[in-house]
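# Residue-level structure breakdown
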Amino acid sequence: MGEPAEVVEDVTRRRYADPAPADGTWLARRAELTRACLGPAIDALVTAYGCVRRSWGP
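The shown structure was predicted, so the numbers you read here are calculated from the model rather than taken from an experiment.

Attention shifts here to the overall build of the chain. Along the backbone of the chain there are 2 helices and 0 strands. Of all 58 residues assigned to the chain, the portion counted as buried reaches 9%. Split by element, the accessible area of the chain, about 5,000 Å² in all, is 61% carbon and sulfur.

As a packed pair, helix α1 (residues 5-16) and helix α2 (residues 24-49) sit with axes 10 Å apart at the nearest point and diverge in direction by 125 degrees. Relative to α2, the element α1 is oriented oblique. The two elements α1 and α2 cross, and the hand of that crossing is left-handed. Between α1 and α2, the contacting residues are E6, V7, D10 and R14 on the first element and W26, R29, R30, L33 and T34 on the second. The residue makeup of the contact of α1 with α2, split by class, is 3 nonpolar, 1 polar and 5 charged.

In the structure shown here, the tally under the stated rule is 5 salt bridges. For the salt bridge of E6 with R29, the shortest nitrogen-to-oxygen distance reads 3.2 Å. On the criterion of sequence distance, the pair formed by E6 in helix α1 and R29 in helix α2 is long-range, its members being 23 residues apart. Overall, E6 belongs to the partly exposed group, its relative accessible area being 37%. A salt bridge links R13 to D18; the nearest nitrogen and oxygen atoms lie 4.0 Å apart. Each member of the salt-bridge network shares a partner with another, and the members are D10, R13, D18 and R30.

Thresholds applied
Residues numbered from 1 in each chain as written. Predicted model: local features only at pLDDT ≥ 70, side-chain atom pairs only at ≥ 80, totals over all residues. Heavy atoms only, no water. Helix = DSSP H or I, 4+ residues; strand = E, 2+ residues; numbered from the N terminus. Buried < 20%, exposed > 50% of the residue type's maximum accessible area, 1.4 Å probe, protein only. Areas by Shrake-Rupley, 256 points an atom, 1.4 Å probe, with all protein chains shown as cover. Axes fitted to C-alpha atoms, helices over the stretch in contact; angles between N-to-C directions. Parallel < 35°, antiparallel > 145°, perpendicular 65-115°, else oblique. Left-handed = near helix turned anticlockwise from the far one by under 90°. Contact = heavy atoms within 4.5 Å. Nonpolar A, V, L, I, M, F, W, Y, C, P; charged D, E, K, R; others polar. Salt bridge = Lys/Arg side-chain N within 4 Å of Asp/Glu carboxyl O.

Printed below as a string of structure tokens:
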């Protein structure tokens, strides 16, 4: 589905093998890769469905 292999491997490792915390450098890289992958999908949803007003907030 287009997810970065590094992120999928990290999630798999942390879930099924070694759940030890990652270092800060990798966390920043993983966040960057994830945002790059999910950003366009989020933009498409917002474009398709518009802004949703929540009853619990402004």
